[in-house]
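Summary of structural features
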Amino acid sequence: MKITRQKHAKKNMGFYKHNFHFREPFQVLLDGTFCQAALRNKIQIREQLPGYLDGATHLCTTRYGPAAYKEDFLFFSYQIVRAIVSRSLKNQLE
């Protein structure tokens, strides 16, 4: 990561840590679009995200992520968390 980008990321994370009491391990909710873009651009999410956030991370997804991207194997390595989803989205995914 370039120095300027690293400084901005550190400044932003410091803001959230102090004002909203974020602490490690950071829980990062991943969606299908993000995982597809990371796969397309050959980005190792599990290895690079802790460096960007400057701390340990815990990666997770909703149960609807793997349903929307059935061919994507990335989702099966993350913990599934419960999330509130609208009925229209539920009907589309089922």
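Below: a short report on this structure. (Residues numbered from 1 in each chain as written. Predicted model: local features only at pLDDT ≥ 70, side-chain atom pairs only at ≥ 80, totals over all residues. Heavy atoms only, no water.)

**A few points about the layout of surface pockets**
Of the pockets and cavities examined, the largest pocket occupies roughly 230 Å³. Along the walls of the largest pocket sit 10 residues, with F34, I43, Q48, L49 and Y52 positioned nearest its centre. It is helix α3 (residues 45-53) that provides the largest number of residues to the lining of the largest pocket, a total of four residues. A class-by-class count of the residues in the lining of the largest pocket yields eight nonpolar, two polar and no charged. (1 Å grid on protein atoms, 1.4 Å probe; cavity = no way out; pocket = protein on both sides within 12 Å on 5 of 7 lines; lining within 4 Å. Points joined across faces, edges and corners; volume = space filled by probe spheres on them. Helix = DSSP H or I, 4+ residues; strand = E, 2+ residues; numbered from the N terminus. Nonpolar A, V, L, I, M, F, W, Y, C, P; charged D, E, K, R; others polar.)

**Notes on α3**
Inspection of α3 places I45, L49 and L53 among the buried residues, and these make up the whole buried set. When α3 is viewed along its axis, its buried side chains cluster within an angular range of 40° and face the same direction. Opposite the packed face of α3, turned more than 90 degrees from it, sit the exposed residues E47 and G51. Of the surrounding elements, those touching the buried residues of α3 are α1 (3-20), β1 (26-29), α2 (32-40) and β2 (57-62). Of the residues flanking the end of α3, it is D54, one or two places downstream, whose phi is positive at about 60°. (Buried < 20%, exposed > 50% of the residue type's maximum accessible area, 1.4 Å probe, protein only. Arc of directions from axis to C-beta. Contact = heavy atoms within 4.5 Å.)

**Focus on unusual backbone geometry**
Residue P25 is reached from E24 by a cis peptide bond, and omega for that bond is -10°. Structurally, the position occupied by P25 is in the loop between α1 and β1.

**Re α1**
Taking 1.5 Å of rise per residue, the 18 residues of α1 would be expected to cover 26 Å, and the 25 Å separating its terminal C-alpha atoms lies within 8% of that figure. Among the residues of α1, A9, M13 and G14 are the ones counted as buried. Projection of α1 onto a plane perpendicular to its axis shows the buried side chains occupying an angular sector of 135°, all on one side. Residues of α1 that are exposed and point more than 90 degrees away from the buried face comprise T4, K7, K11 and H18. The inward-facing, buried residues of α1 contact β1 and α3. Looking at the residues trailing α1, positive phi occurs at H21, about 55°. (Expected span 1.5 Å × (residues − 1).)

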